[in-house]
Structure formats: structure tokens, C-alpha cells
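# Breakdown of the fold
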Amino acid sequence: MSRLDRSLTNSYYEIEIDPETQLPVSINTVLIAAIKGESEAKGKKIVGGRHVAFHFKYTLSDFGKVKPPSVPKEARKLLARG
Amino acid sequence: MLKKTTLSLTATVSVLCAVLLAGEAMAGGAKIQKADGPSPGKVLRESVKKFVKANSYRVKAEIVGGFSDREDHKVTDGKVKEAYEAEVYGKLMHLPKEKAFRTGKTGAAYVDGAWRYIQSNLKTVRFQRLFPYPRVLLGRALASSRTARWVQHKKAPVNLLEGGDDGKVDKKKSKKKKKKKRKIKKKKKSSSATVVEKDTVAKKAETKTDPNAFRFLRVDAPPKEALRHFIEVQNSHCFGVG
């Protein structure tokens, strides 16, 4: 990964909003980074060539319906210390 | 003489005013056309507010990463494929499959028969870094809300990896697709121009009445933000340590 061009990274979010509840029901994050000498760019935007790409697709549901989880004692201690 | 000049002056002033007003009205009209539909930034802000108020929710995450040589950035050479399911209650996130609890920066996971800090194990560090809270992503999107814009509704589910699970393109499938595309093109060519016109009119009407037309928002993050997120991903050691 040493050939990564850190000066050329792009990311965007695509958020789906339920028009009825106005809540976000999905978040799709795309993260891209150029590779030196291999990626094509227009200005500061990566448009092609070989590049690193990450897609984070989140689906959200059951808003306000989740009950508090029971955390084991030892785990609770670690969470409290951190 | 004086009367004539004052009359002509008032006439020119009124004409100028009329022109200016007309210009403003036209500009206003363009603005109205631009602002067709709800303001994306405002909708995003409201949505995040409601999300924060909801306090608890369930989240399924699918993370795919690797190399791409495509303009749409679909992964063609997959290196990372992770899936997580979690319940979030306030700041506390519970990942039942991973036997882990997170509270933002810290967390505890059941590893090798004991509860340990989430940062103490490579596997648990991976999801701590690779799987940010949805509120974190929404917060980042909100920070760039001025770039928010409505995008077209996608009917087909998004396939994050090109060609399926292993990232390799299924040649048979792609050949079939190409054949189908050719057939459709031929059909389109044979149909009359009036039918095409009707189609475009129908499509325009569809977008006007489609209740899902304002469902998907796109927010572009600044390069600095992208770099910060990328460093987080690299620190998850998903590409291997070192």
C-alpha cells in the first residue's frame, strides 16, 4: 500500500431517507484513494484507472424499538474503565 | 421644454425599472426551478435530528474493499469483505455474533474465554475501525450538507462487488447481459420515433409524480475528510499489518 497517493482521496455518502418517517434507512459510503501512476483523475476527482475503493453499506431499522442490552459484569468494568 | 424632458426622463426611468423587475422575476423563476422539491440540506438536517431522537435502532453493515478500475468505483479485485449486525441503544452498541460491546472510542469483546479490551485483539480492532457508528457517518455527511443533492432512485439492489462474492466477473453472466443489451438496442431502433417521444414524456411525468424522487441524497465529503476516513480504514489492518 506504499504506492497510495494520499493527496488524492475522495469520498461521498448516499443516504436514503424514508419520506414518511424522515429517518435515514440506509447509508452508502464510498471511499476511494488513488494509486501513484495507475489512477486517472480530473482535477481532484478520481475518474478511473486502478484505485483503492471501499463501500460501506449500512441498513438501519427498528428505530426506538431496541431494548437496552444486558452487559456482563466483566465487560461493564472494561467499558467503565475505558 | 422642461415638461418634455421630465416626461421623457420619467418614461426612461419607468422602462428601466420594468426591465430590472423583469430580470429579477426571471432570476427568481430560475431559483424556483432550481429549488424544485424539498431542500436536500434541510431534509438531511431534519433526518439526522430525528435519528438522534430515536436513540435506539438496529444496523446491518456490509463492507467491501479492494481495488477497482471502474469509473463507478465498483470493487473488481476484492480484498476485504465484512458483514456486521448490531443493536444500538444510546451510545452502547451490541454485536451479538462478535460477542462485543462498544461505547464509541472503547469497547469490550469476549475473546479466548475472557472479556478483553476491544483494542487488544487484531480481529476486534478491525471492526472497531472498519465499522464506524452510523451517527458518525451521518455527522460527517451533515458537516458537508452544503454539497447535498438529490439523486435518482435506484430500483435494483446495489451489488458492491463486481461479479459476485469473490470479486471475479462471471463471464457467462456478462455475455448473457451483453446479448440482452444488444437485443434491446435492436428493438429500440426498430420502434418509431413517436413511441420514443411518448416514452420520454412519460418518464418526465413519472419523475414529477414519483413519491420516491426525493428519497436518495448524495453528499460529497472534502478530500481532508476522505483522507481521515481512509487512515481509519488502513489502521484497521484490513490490508494486513505493516
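In this text, all values refer to a predicted model and were calculated from it rather than measured experimentally.

### What about the overall build of chain A?
Scanning chain A from terminus to terminus reveals one helix and three strands. Shown N-terminal to C-terminal, the secondary structure of chain A runs as helices and strands in the order β-β-β-α. Expected size for 82 residues packed as a compact globule is a radius of gyration near 12 Å; at 20 Å, chain A overshoots this value by more than 25%. Its C-alpha atoms give chain A principal-axis dimensions of roughly 50 × 40 × 15 Å.

### Notes on a positive patch on the surface
A cluster of basic residues, Lys73(A), Arg76(A), Lys77(A) and Arg81(A), forms a positive patch on the protein surface. Locating Lys77(A) in the fold gives a position in helix 1 (residues 73–81).

### A few points about the pairing of strand 8 (residues 216–221) of chain B
In terms of residue burial, strand 8 of chain B counts as a mostly covered element, since six of its six residues are buried. Covered by surrounding structure in strand 8 of chain B are Phe216(B), Arg218(B) and Asp220(B) together with Leu217(B), Val219(B) and Ala221(B), the residues of both alternating faces. Pairing geometry for strand 1 (residues 4–17) of chain A and strand 8 of chain B, over six bridges, is antiparallel. Across the sheet, the residue bridging to Tyr13(A) is Val219(B), located in strand 8 of chain B.

### Considerations on the nonpolar core
One finds Ile15(A), Phe54(A), Val59(B) and Phe131(B) to be the most contacted residues of the largest nonpolar core, which totals 52 residues. In terms of nonpolar packing, the next biggest core, distinct from the first, is built from nine residues, Val30(A), Ala34(A), Ile46(A) and Ala53(A) among them.

### Regarding the confidence of the model for chain B
Residue and element names in this part refer to chain B. Of all residues in chain B, 59% have pLDDT values of 70 or greater, and the mean over the chain is 75. Of the regions scoring below 50 in pLDDT, residues 164–171 engages in 11 contacts with residues more than four places distant in sequence or in other chains. Interface confidence for the predicted complex, given as ipTM, is 0.92, next to a pTM of 0.73.

### Observations regarding the pairing of strand 6 (residues 114–117) of chain B
Pairing of strand 5 (residues 106–111) of chain B with strand 6 of chain B involves four bridges; the strand directions are antiparallel. Looking across to strand 6 of chain B, one finds that Ala109(B) is bridged to Arg116(B).

### Comments concerning the pattern of salt bridges
Tallied over the full model, the rule gives 15 salt bridges over all chains. A salt bridge links Glu38(A) to Arg3(A); the nearest nitrogen and oxygen atoms lie 1.8 Å apart. Within this pair, whereas Glu38(A) is found in strand 2 (residues 24–42), its partner Arg3(A) is found in the segment before strand 1, the two being separated by 35 residues in sequence. We note a salt bridge from Glu225(B) to Arg140(B), for which the minimum N-O separation is 3.4 Å. In this pair, Glu225(B) sits in helix 7 (residues 223–235) while Arg140(B) sits in helix 4 (residues 134–143), placing the two residues 85 residues apart along the sequence.

### Quick look at the packing of aromatic side chains
All told, the structure shown has 10 aromatic pairs over all chains when counted by the stated rule. Considering the side-chain rings of Tyr58(A) and Phe131(B), the 5.5 Å spacing of their centres and the 65° angle between planes classify their relative orientation as edge-to-face. Taken together, the positions of Tyr58(A) in strand 3 (residues 45–61) and Phe131(B) in the loop between helix 3 (122–130) and helix 4 put the pair across two chains. Given a relative accessible area of 0%, Phe131(B) falls into the buried group. Between Phe101(B) and Trp115(B) the ring centres are 5.8 Å apart and the planes differ by 40°, which places this aromatic pair in the tilted class. Of the two residues, Phe101(B) sits in strand 4 (residues 100–103) while Trp115(B) sits in strand 6, which places them 14 residues apart along the sequence. On the accessibility criterion, Phe101(B) (2% relative accessible area) is buried. A relative accessible area of 17% places Trp115(B) in the buried class. Within the aromatic cluster, the residues linked to one another by ring pairs are Tyr58(A), Tyr84(B), Phe127(B) and Phe131(B). Between Arg50(A) and the ring centre of Phe67(B), over which it is positioned, the NZ or CZ distance is 4.2 Å.

Cut-off values and rules
Residues numbered from 1 in each chain as written. Chains lettered and ligands numbered in written order. Predicted model: local features only at pLDDT ≥ 70, side-chain atom pairs only at ≥ 80, totals over all residues. Heavy atoms only, no water. Helix = DSSP H or I, 4+ residues; strand = E, 2+ residues; numbered from the N terminus. Rg over C-alpha atoms; globule rule 2.2 N^0.38 Å. Patch = residues over 30% accessible without salt bridge, like charges linked within 9 Å, V, L, I, M, F, W, Y side chains within 5 Å. Areas by Shrake-Rupley, 256 points an atom, 1.4 Å probe, with all protein chains shown as cover. Salt bridge = Lys/Arg side-chain N within 4 Å of Asp/Glu carboxyl O. Lys, Arg positive; Asp, Glu negative; His and termini not counted. Charge placed at Lys NZ, Arg CZ, Asp CG, Glu CD. Buried < 20%, exposed > 50% of the residue type's maximum accessible area, 1.4 Å probe, protein only. Pairing = 2+ DSSP bridges. Core = buried A, V, L, I, M, F, W, Y, C linked by side-chain atoms within 4.5 Å. pLDDT = per-residue confidence, 0-100. Contact = heavy atoms within 4.5 Å. Phe/Tyr/Trp six-rings, centres within 6.5 Å; stacked < 30°, edge-to-face > 60°. Lys NZ or Arg CZ within 6 Å of the ring centre and 35° of its normal.

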